[in-house]
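The chain contents come next:
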Amino acid sequence: MLKAAAKRPELSGENTVSNNSNMAEVKPVFREVLPKQGPLFVEDITTMVLCKPKLLPLKSLTLEKLEKMHQAAQDTIRQQEMAEKNQRQITH
């Protein structure tokens, strides 16, 4: 701390008045203007954010499982109907 204070007088507490007076002499580059009457507008520009596209499946896994189950049930029904037809033809 002492070495830093020796190099920078503002850290040692010395010359604080002169530092403050020097800061008061610095004039800002831009002058702040606030309206006395009327509304105050703040412009907020939205920008587009580009991100990696997400590929979604055309059918969900659950839907595919349901379709397979439905197809399997339809196949078993057809097989049972064919077996019944064959038995009828054999008995008649």
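Residues numbered from 1 in each chain as written. Predicted model: local features only at pLDDT ≥ 70, side-chain atom pairs only at ≥ 80, totals over all residues. Heavy atoms only, no water.

If you look the protein up in an unreviewed UniProt entry, it shows as BBSome interacting protein 1 from Callithrix jacchus.

Caption draft 1: Geometry of the overall build of the protein. On a plain count of helices and strands, the protein comes out with 4 helices and 0 strands. In the protein, the succession of α and β elements from N to C terminus is α-α-α-α. Taken over 92 residues, the protein has a buried fraction of 1%. In the form shown here, the protein has an accessible surface area of approximately 10300 Å², with 60% of it arising from carbon and sulfur atoms. (Helix = DSSP H or I, 4+ residues; strand = E, 2+ residues; numbered from the N terminus. Buried < 20%, exposed > 50% of the residue type's maximum accessible area, 1.4 Å probe, protein only. Areas by Shrake-Rupley, 256 points an atom, 1.4 Å probe, with all protein chains shown as cover.)

Caption draft 2: Up close: the confidence of the model for the protein. Summarising the model, the protein shows a mean pLDDT of 76, and 68% of its residues fall at 70 or more. Here helix α2 (residues 9-12) stands out as the element of the protein with the lowest mean pLDDT, 49, in contrast to helix α4 (residues 61-91), whose mean of 93 is the highest. Low confidence marks residues 10-18, where pLDDT is under 50. Its contacts with residues over four positions away, or in another chain, come to 7 contacts. (pLDDT = per-residue confidence, 0-100. Contact = heavy atoms within 4.5 Å.)

Caption draft 3: Structural view of the pattern of salt bridges. Summed over the entire model, instances satisfying the criterion amount to 2 salt bridges. Here Glu67 makes a salt bridge to Lys59, at a shortest N to O gap of 3.2 Å. Judged by relative accessible area, which is 37%, Glu67 ranks as partly exposed. Salt-bridge contacts for Asp75 lead to Arg78; the nearest nitrogen and oxygen are separated by 3.4 Å. Of the two residues, Asp75 and Arg78 are both situated in helix α4; the distance of 3 residues between them amounts to about one turn of the helix. Residue Asp75 is classed as partly exposed on the basis of its relative accessible area, which comes to 32%. Residue Arg78 is classed as partly exposed on the basis of its relative accessible area of 45%. (Salt bridge = Lys/Arg side-chain N within 4 Å of Asp/Glu carboxyl O.)

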